[in-house]
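In case you want the letters, here they are:
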Amino acid sequence: MNIILLSGGSGKRLWPLSSETRSKQFLKVLRSPEGTHESMIQRVWRQIHKAIPDAHMIISTTDSQKETIRKQLGVQVDIALEPERRDTFPAIALAAVFLAMERGCGMDETVIVMPVDAYAEDGYFQTLLKMDRAVQSDAADMVLMGIRPTYPSSKYGYIVPEPVQTSGLMRVASFSEKPEAKRAIELLDMGAFWNGGVFAFKMRYIMEIISRYIVPQGYQQLRENYGRLRKISFDYEIVERCRSIAMVPYYGMWKDLGTWNTLTDVMHDNNAGNVISGEGCSNTHIVNELDIPIIALGVCNTVVAAGPDGILISDKLASTQLKSYVEKIDQRPMYEERQWGNYKVLNYMRYQNGNHSLTKHLMILAGENLEYQMHKNRDEIWSIVDGRGDLLIDGHLRNVRCGDVAYITRGTLHSIRAITDIHLIEVQIGDELSEDDVENLAWDW
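So, here is what we can say about the structure in this document. (Residues numbered from 1 in each chain as written. Predicted model: local features only at pLDDT ≥ 70, side-chain atom pairs only at ≥ 80, totals over all residues. Heavy atoms only, no water.)

### Let's talk about the overall build of the protein
Okay, so step 1: Within the protein, the regular secondary structure consists of 10 helices and 30 strands.
Okay, so step 2: For the protein, the C-alpha radius of gyration of 24 Å lies close to 22 Å, the compact-globule estimate for 445 residues.
Okay, so step 3: Its C-alpha atoms give the protein principal-axis dimensions of roughly 75 × 65 × 45 Å.
Okay, so step 4: Expressed as a percentage of the 445 residues in the protein, the buried residues total 51%.
Okay, so step 5: Sequence-distant contacts, at least 24 apart, represent 66% of the contacts inside the protein between residues at least 6 apart.
Okay, so step 6: As displayed, the protein has an accessible area near 20700 Å², and 48% of this comes from carbon and sulfur atoms.
Okay, so step 7: Measuring between centres, the 48 positive side-chain charges of the protein sit 3 Å from its 58 negative side-chain charges. (Helix = DSSP H or I, 4+ residues; strand = E, 2+ residues; numbered from the N terminus. Rg over C-alpha atoms; globule rule 2.2 N^0.38 Å. Buried < 20%, exposed > 50% of the residue type's maximum accessible area, 1.4 Å probe, protein only. Contact = heavy atoms within 4.5 Å. Areas by Shrake-Rupley, 256 points an atom, 1.4 Å probe, with all protein chains shown as cover. Lys, Arg positive; Asp, Glu negative; His and termini not counted. Charge placed at Lys NZ, Arg CZ, Asp CG, Glu CD.)

### Re the state of the cysteines
Okay, so step 1: Tallied over the full model, the rule gives 0 disulfides.
Okay, so step 2: As a non-bridged cysteine, Cys242 has Cys105 as the owner of its nearest cysteine sulfur, 18 Å distant.
Okay, so step 3: With a relative accessible area of 12%, Cys242 lands in the buried category.
Okay, so step 4: Free cysteine Cys300: the closest other cysteine sulfur is in Cys281, separated by 7.0 Å. (Disulfide = S-S within 2.5 Å.)

### Describing helix α3 (residues 88–101)
Okay, so step 1: Taking 1.5 Å per residue as the helical rise, α3 with its 14 residues ought to reach 20 Å, and the 20 Å between its terminal C-alpha atoms agrees with that figure.
Okay, so step 2: α3 sits mainly inside the fold: 12 of its 14 residues count as buried.
Okay, so step 3: Where α3 is concerned, the buried positions are Phe89, Pro90, Ala91, Ile92, Ala93, Leu94, Ala95, Ala96, Val97, Phe98, Leu99 and Ala100. (Expected span 1.5 Å × (residues − 1).)

### Some thoughts on the packing of aromatic side chains
Okay, so step 1: Considering all chains together, one arrives at 13 aromatic pairs under this definition.
Okay, so step 2: Taken together, a centroid distance of 4.9 Å and an interplanar angle of 75° make the contact between Tyr124 and Phe125 edge-to-face. Taken as a pair, Tyr124 and Phe125 share a single burial class, namely buried.
Okay, so step 3: Of note, Arg43 hangs over the ring of Tyr119, and the distance from its end group to the ring centre comes to 4.1 Å.
Okay, so step 4: The positively charged end of Lys360 is found above the aromatic ring belonging to Tyr343, 3.8 Å away from the centroid. (Phe/Tyr/Trp six-rings, centres within 6.5 Å; stacked < 30°, edge-to-face > 60°. Lys NZ or Arg CZ within 6 Å of the ring centre and 35° of its normal.)

### Regarding the nonpolar core
Okay, so step 1: Membership of the largest hydrophobic core comes to 92 residues, with the highest contact counts inside it found for Ile3 and Tyr124.
Okay, so step 2: Among the elements that take part in this core, α3 stands out by supplying 11 residues, more than any other.
Okay, so step 3: Not counting chain neighbours up to four residues away, the residues in contact with Ile3 comprise Ile48, Ile52, Ala55, His56, Met57, Ile58, Ile112, Met114 and Leu128.
Okay, so step 4: Judged by nonpolar contacts, the second largest core, of 19 residues, contains Leu27, Val303, Ala305 and Leu312. (Core = buried A, V, L, I, M, F, W, Y, C linked by side-chain atoms within 4.5 Å.)

### Topic: the environment of Pro333
Okay, so step 1: Tracing the backbone shows Pro333 in the loop between α10 (322–326) and β20 (335–338).
Okay, so step 2: Taking the relative accessible area as the measure of exposure, Pro333 reaches 24% and is therefore partly exposed.

### Some thoughts on the sheet that holds strand β22 (residues 356–364)
Okay, so step 1: With antiparallel pairing, 6 strands are arranged side by side in an open sheet as β20-β21-β22-β29-β24-β27. The open sheet is flanked by β20 and β27 (405–408), the only strands paired with a single partner. In this sheet, neighbouring strand axes are inclined to one another by 20° on average, regardless of whether the strands run parallel or antiparallel.
Okay, so step 2: Pairing of strand β24 (residues 379–386) with strand β29 (residues 422–430) involves 7 bridges; the strand directions are antiparallel. When the sheet's bridge partners are listed, Glu380 is paired in β29 with Gln428.
Okay, so step 3: Of the strands in this sheet, β20 and β21 (341–350) are in contact with helix α2 (residues 63–73), which crosses β20 at around 60°. (Pairing = 2+ DSSP bridges. Axes fitted to C-alpha atoms, helices over the stretch in contact; angles between N-to-C directions.)

### Here's the deal with the pattern of salt bridges
Okay, so step 1: Across all of its chains, the model carries 19 salt bridges by this definition.
Okay, so step 2: For Arg378, the salt bridge is made with Glu380, and the minimal N-O distance between the two is 2.9 Å. (Salt bridge = Lys/Arg side-chain N within 4 Å of Asp/Glu carboxyl O.)

### Some points on the sheet that holds strand β14 (residues 271–272)
Okay, so step 1: Reading across from one edge, β14-β16-β18-β19 is the order of the 4 strands in this open sheet, with mixed pairing throughout. The open sheet has two edge strands with one neighbour each: β14 and β19 (310–315).
Okay, so step 2: Here strand β16 (residues 285–288) pairs with strand β18 (residues 302–307) via 4 bridges, running parallel. Residue pairing across strands places His285 opposite Val303, the latter belonging to β18.

### Overview of the pairing of strand β26 (residues 396–401)
Okay, so step 1: Across 6 bridges, strand β25 (residues 388–393) lies against β26 in antiparallel orientation. Paired with Leu391 across the two strands is Arg398, which belongs to β26.

### Describing the packing of helix α1 (residues 40–51) against helix α4 (residues 122–136)
Okay, so step 1: In the contact formed by α1 and α4, the axes pass within 9 Å of each other and the chain directions differ by 55°. As far as their axial angle goes, α4 and α1 are oblique. The two elements α1 and α4 meet at a crossing, and its hand is right-handed. Taking contact as the criterion, the partners of Val44, Gln47, Ile48, Lys50 and Ala51 in α1 are, on α4, Asp122, Phe125, Gln126 and Leu129.
Okay, so step 2: Considered class by class, the residues forming the contact of α1 with α4 number 5 nonpolar, 2 polar and 2 charged. (Parallel < 35°, antiparallel > 145°, perpendicular 65-115°, else oblique. Left-handed = near helix turned anticlockwise from the far one by under 90°. Nonpolar A, V, L, I, M, F, W, Y, C, P; charged D, E, K, R; others polar.)

In structure tokens, the structure reads:
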């Protein structure tokens, strides 16, 4: 079985802890069976391995999430990188071609597509096996998972099945996309299920559809011609046009943890980070990623989240409206996780002469290194404040440790490799400071 996990999201509904580069699926706020904290993507990865040990998984995502995925799941995970965002049909098509042409997936093998941030019990993942059996028995060209609704929601699409059920498989009569509240009640009376965005089909089926736009000669060739794929959702392009479609029902626990009020429902601890919660606090969750303390007194039904990008204080029900407010914020990410470690922006200044300065704290994990790179529009000053490493400047290596300083002028090739965990302060100076001002070159450490 081959599973394509879709990893997207802009992170606006769980601001300030999530962002474009650190979407909700990467927040380590859930509790693992071992008692440690894990993210949604780590939880799903673990549950799939438990239910289907031999499943081959690939993650479809954008370049901004690549390093975080590899940091949380390991460098060996297969990733299909979209050259640009073009909705779920092109993203799934790209991942399918990777499976077929890079990993040798046969045309009669089952491909299952699902979101990477599903929060469900183990039975949800056992249902994937039922979908696989339905596909392999040629019960339908497309098999969906229908999730039993727990209330008449307007947030989800609905699958309306035909009344007859054969061996746990239902034929699909129609779909309804995010209906009004009154219509949602009517759909529940008709026996409709939520559409959880889980699809199963044979590889041959998706490859035939891709060939209507381009006959892929390889994964890289499709990436180079990615714009020729139609920018449309998988539901609209394929599912709703499919004439042979069935549904496997799932009756267990499933939650969409897309907002603070739903996420806090499943958090094991009410407080995380440097938090002091006094008497009178009820149904309140506080997550603090800052070094300064948060003290809460007599606060009820509230979520407080503090991170480098900002501070949120919201009634839990009102937190569902957060996205429209975050969209008004025009600010670069102040914290990012990378495969080599992480960085936090400490300060940004603009001066009268037109120059800018940006100060970062970088933590580079032992054995990891930054890319060998140069900048055209800025100078940098690196101050090593902890740890040991090898500094590379224009092809010359020297050992550095706490107290050493490196001055890197624009146009200079540079990198650093950590022998132990390294903490350094980076000060960027220039009339234009941008994360795009970087040219990477190869270097064999």
